[in-house]
Amino acid sequence: MMFALRWCLLVAMTLALSQDAQEPKSGLNDLQYPDDSLMNNEGDMYSMTPGLVPPPRVKGTITYSDSLVVVMGGYDTEGKCLDDIHIYDTNIRKWSGVLLKRACCNYEGEVIERMGATEASSNQPGIELNLPMARSGFEGDLPVARAEHASCSINSMIYVFGGYSSNYELMNDFYSFNPKEIQWELIDRYGGQAPTRRAGHSLITDYHNRNIVLFGGRASISGRIVGLSDVHIYDLNSKKWELATFNSDNDSNGNMAPIGRQHSACAIARSTLFVVGGIDPASHMIYNDVWSFDLTGTKKWKMIASNTGQMHGFAPPPLYHSTLIAVNSKKSETPVNVNNMNTNSTGHEHYDLILYGGVGSGGSCGSATCGQKETSLGQVYRLPVNFDQYELDNSN
């Protein structure tokens, strides 16, 4: 099921990048949504107009939540950060167009529609009282324009953390967004051990434990850009962050850990975080190693596949900006054993790690020469893994 949902995201992005698609008018929304919802009085989604696809962008986020695909931010074709929101309904296969909250209110408390208004018209005599003093955002706290942020979803809510802004550079603000009620909420990022300012990180949902997991990215330390490999866990019940492991090539017990990196591919299965590839923001070294991190038990890293520096057999090349999903599998082939425990014949739970796309094929030397060889990838790779559900009971 999750595999099918994730492929819906890929289809949605393909539609968004279609050359034949019509871009929405800048700063306008042709659809008149109510102030606080995308639902009509009957509880159904408002009709969406074909052709209102998002404009081109890179390093934004695409998040799936209850049949809705939400596109947020990124860099436009001129390298400027975007703050727009677009929603694709997979049921009716239509885009919403750029979403702007209907402005409220004038000095008399009347709801005013400001779409299409200009600064010149607001300065005309008798009109200034009919327009709000400034463009209002969505319901709640609207995040500033950004790119290289990260997002995930759980319980019909979308969560967004950090990223890069032209005004504030690296950020560590934390938001929740209800895509049906168009409701933003700024979350107290100082609860517990909150992550530092960063961009290029990953945000993944641990559905089993109702947690949100953040990994890696890049940060600025004493004016120097460094790659990160720390893991943070946000508990949705306590609403607090926990630092699960430090940013180091070795964890607190001296065990090996991945080198700091950004734009890695991450997924969670059975409360285990999997990390594939990524790029060091300082040296531009690209990786194709595979790591697992136990989120609830030992909280230790384990290297599943080392960095080869080149294509090796059927393994992917060093790459970044790829997508990783974990799919429950019932295949009987021998997978990688994550926990390395003794089990009986029925004591294994099998998953496939599915890796798609990215930028790579330039090797792992981290030089300009490697960069010139990089290209967009369209291959799909599969790595079977298993989890030992329980130890062998010799008494039976």
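Structure report, in brief. (Residues numbered from 1 in each chain as written. Predicted model: local features only at pLDDT ≥ 70, side-chain atom pairs only at ≥ 80, totals over all residues. Heavy atoms only, no water.)

### Here we look at the overall build of the chain
Cut-off, in case you're wondering: Only runs of H or I of at least four residues qualify as helices and only runs of E of at least two qualify as strands under DSSP, and these elements are numbered from the N terminus. When accessible area is computed with a 1.4 Å probe and restricted to protein chains, residues below 20% of their type maximum are described as buried, those above 50% as exposed, and intermediate ones as partly exposed. Only heavy atoms matter for contacts: two residues are in contact if any of them lie within 4.5 Å across the pair. Accessible surface is estimated by sampling points in the Shrake-Rupley manner with a 1.4 Å probe; for residues, cover comes only from the protein chains shown.
Counting secondary structure elements, the chain contains three helices and 22 strands. Every one of the 396 residues in the chain was classed for burial, and the buried ones make up 47%. For the chain, the share of sequence-separated contacts (at least 6 apart) that also reach a separation of at least 24 residues comes to 57%. Summed over its atoms, the accessible surface of the chain is roughly 19,700 Å², and 49% of this surface lies on carbon and sulfur atoms.

### Some remarks on the packing of aromatic side chains
Using the following cut-off: Any two of the Phe, Tyr and Trp rings considered here, Trp counted by its six-membered ring, make a pair once their centres fall within 6.5 Å; the pair's planes then place it as stacked at under 30 degrees, edge-to-face at over 60, or tilted in between. When the NZ atom of lysine or the CZ atom of arginine is within 6 Å of a ring's centre and also within 35 degrees of its normal, the charge is said to sit over that ring.
On inspection of all chains with the given rule, the structure shows 12 aromatic pairs. With 5.0 Å between their ring centres and 55 degrees between their planes, Tyr88 and Trp95 make a pair best called tilted. Trp95 shares its class with Tyr88; the two are buried. Residues Phe161 and Trp241 carry aromatic rings whose centres are separated by 5.7 Å and whose planes lie at 70 degrees to one another, so their mutual orientation is edge-to-face. Of this pair, Phe161 sits in strand β7 (residues 157–165) while Trp241 sits in strand β13 (residues 240–245); the two residues are 80 residues apart in sequence, bridging distant segments of the chain. The pair Phe161 / Trp241 is uniform in exposure class, with both members buried. An aromatic cluster is built from Tyr159, Phe161, Phe174, Tyr234 and Trp241, whose rings are joined through pairwise contacts. One Lys or Arg, Arg261, reaches over the ring of Tyr287 and ends 4.5 Å from the middle of that ring.

### Concerning the environment of His201
Rule in force here: The definition of a polar contact used here is a pair of N or O atoms within 3.5 Å, where within protein one atom must be able to donate a hydrogen and the other to accept one, and adjacent residues in sequence count solely through side-chain atom pairs.
Mapped onto the elements of the fold, His201 is located in the loop between β9 (183–187) and β10 (202–206). Residue classification places His201 among the buried residues on the basis of a relative accessible area of 7%. Along the backbone, His201 and Leu228 are 27 residues apart, and their C-alpha atoms lie at a distance of 8.4 Å. If we ignore the near neighbours within four places in the chain, the residues touching His201 are Glu148, His149, Ala150, Phe161, Gly162, Gly163, Leu214, Phe215, Gly216 and Gly217. Within the local environment of His201, its side chain forms a polar contact with the backbone oxygen of Phe161, the two atoms lying 2.8 Å apart.

### Quick look at the sheet that holds strand β14 (residues 265–269)
Quick note on the threshold: Note: two strands are recorded as paired if DSSP finds a minimum of 2 bridges between them. To obtain each axis, a line is fitted to C-alpha atoms, and for helices this fit is confined to the stretch in contact; angles are then taken between N-to-C directions over 0 to 180 degrees.
Strand order in the open sheet formed by four strands is β14-β15-β16-β17, with antiparallel pairing between adjacent strands. A single partner strand is all that each edge strand has here, and the edge strands are β14 and β17 (301–305). Averaged over all pairs of adjacent strands, the angle between their axes in this sheet comes to 25 degrees, without regard to strand direction. Two elements, β14 and strand β15 (residues 272–279), share five bridges in a ladder whose sense is antiparallel. Each residue of the ladder has a partner; that of Cys266, found in β15, is Val275.

### Regarding the pattern of salt bridges
Between side chains of opposite charge, a pair can form as their charged atoms come close. What counts here: The working definition used for a salt bridge is a side-chain nitrogen of Lys or Arg within 4 Å of a carboxyl oxygen of Asp or Glu.
Scanning the model with the defined rule gives eight salt bridges in all. Ionic pairing is found between Asp84 and Arg57, a salt bridge with its closest N-O pair at 2.7 Å. Of this pair, Asp84 sits in strand β3 (residues 81–89) while Arg57 sits in the loop between α1 (2–16) and β1 (61–65), and the two are 27 residues apart along the sequence. Accessibility assignment for this pair places Asp84 and Arg57 in one class, buried. Across the pair Lys299 and Glu242 runs a salt bridge whose closest N-O atoms are separated by 2.4 Å. Pair noted here: Lys299 is in the loop between β16 (286–294) and β17 and Glu242 is in strand β13, with a separation of 57 residues, a long-range link. With a relative accessible area of 26%, Lys299 lands in the partly exposed category. Owing to a relative accessible area of 32%, Glu242 belongs among the partly exposed residues under this scheme.

### Let's talk about the side chain of Asp289
Within the element layout of this structure, Asp289 appears in strand β16. A residue is classified by how much of its surface remains accessible, and Asp289, at 5% relative accessible area, is buried. One polar contact links Asp289 to Arg261, side chain to side chain, over a distance of 2.7 Å. Discounting residues that sit within four places of it in the chain, Asp289 has contacts with Arg261, Val275, Val276, Gly277, Ala305, Ser306 and Asn307.

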